[in-house]
Amino acid sequence: MRDSPAVNRWIRNVLSGSGLPMDRRTEIADEWHDHLHECIASKSATGSTLEDAIRAALAEFGDPAQLRRRLRREQRASDFRDALVKTRPIAIWMVGGALCASVGAAVFLPGPTPTAYRLAVGCGLFVAITLLAIVPAFVASLLEQRVTRTLPIEEFHLVRSLVRWTVVVAVFFVGIMSFGPAACSLIGYFAQDIAFVSIQPRIPEIIHGAPWLIWRNLAVAMCELPLSSFVIPSITTLCVAMAITLYERSRCVRSTAEAVTS
Amino acid sequence: MKLNRELLKGTTETVVLAALARQPSHGYQLVQQLKAQSEGIFALGEGTLYPLLYKLEAKGLIRGRWESGTGGRRKRVYSLTRKGHRCLADRSAQWDQMVRGVALILGGKSYA
């Protein structure tokens, strides 16, 4: 009864489009097999033929398409939760660090602009740039789960390793490269501010016009970011990730060979 | 009388948690147990129950483990985790409050 082709086909049909990982599918298939076995046995005990019992048990279990949709929805929600959990430490450290740096810069660096403006712009700039590092990490984490889910076990480790290291290196580079220009642009802005003040005697007017100057500098800094921050780091990221992956692969092959010979 | 679907939706998780708190069970047993204990009101379909169990498991409220059953068959038995017990206590308190409120509005009927 356990290997009834109708039951097997039905379960395979539901699970094939569910988006669940392979090991999870096997586990669920075993569980449902057991459930249907008990259900069919109880129906057969009441006098139904085996075919009728199977048909009734499957009908009771539910609509395959609806069940598949529910499993897929749950899996997506679970992926999202996992990705959030993985990205949370990066987010906390980077946003926290960015805020501390911007507040420190705004409070301690000299300049004629009111501290409130400097704080607001510093915080906004740093958080925006930091998000550039967190969002790719989150997306990559989701991708890692999607990509590795349906692979056989030996390829799974290789691909997971590649995706994971790409994410780690990418986050590192994007973080470093975006923090650098951001900090430079902010410091540069303050320096420009001081120079501007020193050649202009009408300080109150300059202070009045300062917010516009801040936004102009912010726009310039944001425009300059992609060129300086993304092209070289992207190529370097890929190269480093590939190198680490190849190293991991060779280590994996070596340990497998050692296990075989021993 | 068939219960309104929307009304059922909010309570299904709590009912399943309560049933598992009373006794760790596998899927088939849980379906039968809910049907019998609720006198047929909670006749959950397997298509509803299993995704719900997986969701609760992913949230860490219940834990499933394989146990060998009769005839060499393995069964996945679900039980409540500590987090699940806390969640159930919280939801039970909310449920009591809601029932009291609804009873008062409906004209002082007692649902104890």
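Residues numbered from 1 in each chain as written. Chains lettered and ligands numbered in written order. Predicted model: local features only at pLDDT ≥ 70, side-chain atom pairs only at ≥ 80, totals over all residues. Heavy atoms only, no water.

1. Some points on a nonpolar patch on the surface
- Residues Trp95(B), Met98(B), Val102(B) and Leu106(B) make up a contiguous nonpolar surface patch of roughly 380 Å² in combined accessible area.
- With respect to the element layout, Val102(B) can be found in helix 4 (residues 82-105). (Patch = residues over 30% accessible without salt bridge, like charges linked within 9 Å, V, L, I, M, F, W, Y side chains within 5 Å. Areas by Shrake-Rupley, 256 points an atom, 1.4 Å probe, with all protein chains shown as cover. Salt bridge = Lys/Arg side-chain N within 4 Å of Asp/Glu carboxyl O. Helix = DSSP H or I, 4+ residues; strand = E, 2+ residues; numbered from the N terminus.)

2. Quick look at the pairing of strand 2 (residues 62-68) of chain B
Residue and element names in this part refer to chain B.
- In this structure, strand 2 lies alongside strand 3 (residues 74-80), joined through seven bridges in antiparallel fashion. Bridged to Glu67 within strand 3 is Lys75.
- Between strand 2 and strand 3, which pair antiparallel one after the other, the connecting turn spans five residues, and Gly71 there sits at a positive phi close to 70 degrees. (Pairing = 2+ DSSP bridges.)

3. Re the interface of chain A and chain B
- Contact with chain A, which involves 21 residues of that partner, is made by 21 residues of chain B.
- There are five salt bridges connecting chain A and chain B.
- Of all the elements in the fold, those that place two or more residues in the side of chain A that touches chain B are helix 2 (22-45), helix 3 (50-61) and helix 4 (64-108) of chain A.
- The element contributing the most residues to the side of chain A that touches chain B is helix 2 of chain A, with 12 residues.
- Among the residues forming the side of chain A that touches chain B, the class breakdown is six nonpolar, four polar and 11 charged. (Contact = heavy atoms within 4.5 Å. Nonpolar A, V, L, I, M, F, W, Y, C, P; charged D, E, K, R; others polar.)

4. Thoughts on helix 3 of chain A
Residues and elements named next belong to chain A.
- Its 12 residues give helix 3 an end-to-end C-alpha distance of 16 Å, which sits within 8% of 16 Å, the value for a rise of 1.5 Å per residue.
- Within the sequence span of helix 3, burial applies to Ala53, Ile54, Ala57, Leu58 and Phe61. Mapping the buried residues of helix 3 onto a view down its axis gives an arc of 125 degrees, with all of them on the same face. The exposed residues of helix 3 that point more than 90 degrees off its buried face are Glu51, Arg55 and Ala59.
- Gly62 lies just past helix 3 and shows a positive phi near 130 degrees. (Expected span 1.5 Å × (residues − 1). Buried < 20%, exposed > 50% of the residue type's maximum accessible area, 1.4 Å probe, protein only. Arc of directions from axis to C-beta.)

5. Points about empty space enclosed by the protein
- Applying the stated criterion across every chain, the model contains two cavities of 30 Å³ or more.
- The calculated volume of the second largest cavity comes to roughly 30 Å³.
- As for the second largest cavity, its lining consists of Glu31(A), Asp34(A), His35(A), His26(B), Gly27(B), Tyr28(B), Tyr50(B), Lys75(B) and Arg76(B).
- For the lining of the second largest cavity, the elements supplying multiple residues, two or more each, are helix 2 of chain A together with helix 2 (27-37) and strand 3 of chain B.
- Looking at which element gives the most residues to the lining of the second largest cavity, the answer is helix 2 of chain A, with three residues.
- Residues that form the lining of the second largest cavity fall into these classes: two nonpolar, three polar and four charged. (1 Å grid on protein atoms, 1.4 Å probe; cavity = no way out; pocket = protein on both sides within 12 Å on 5 of 7 lines; lining within 4 Å. Points joined across faces, edges and corners; volume = space filled by probe spheres on them.)

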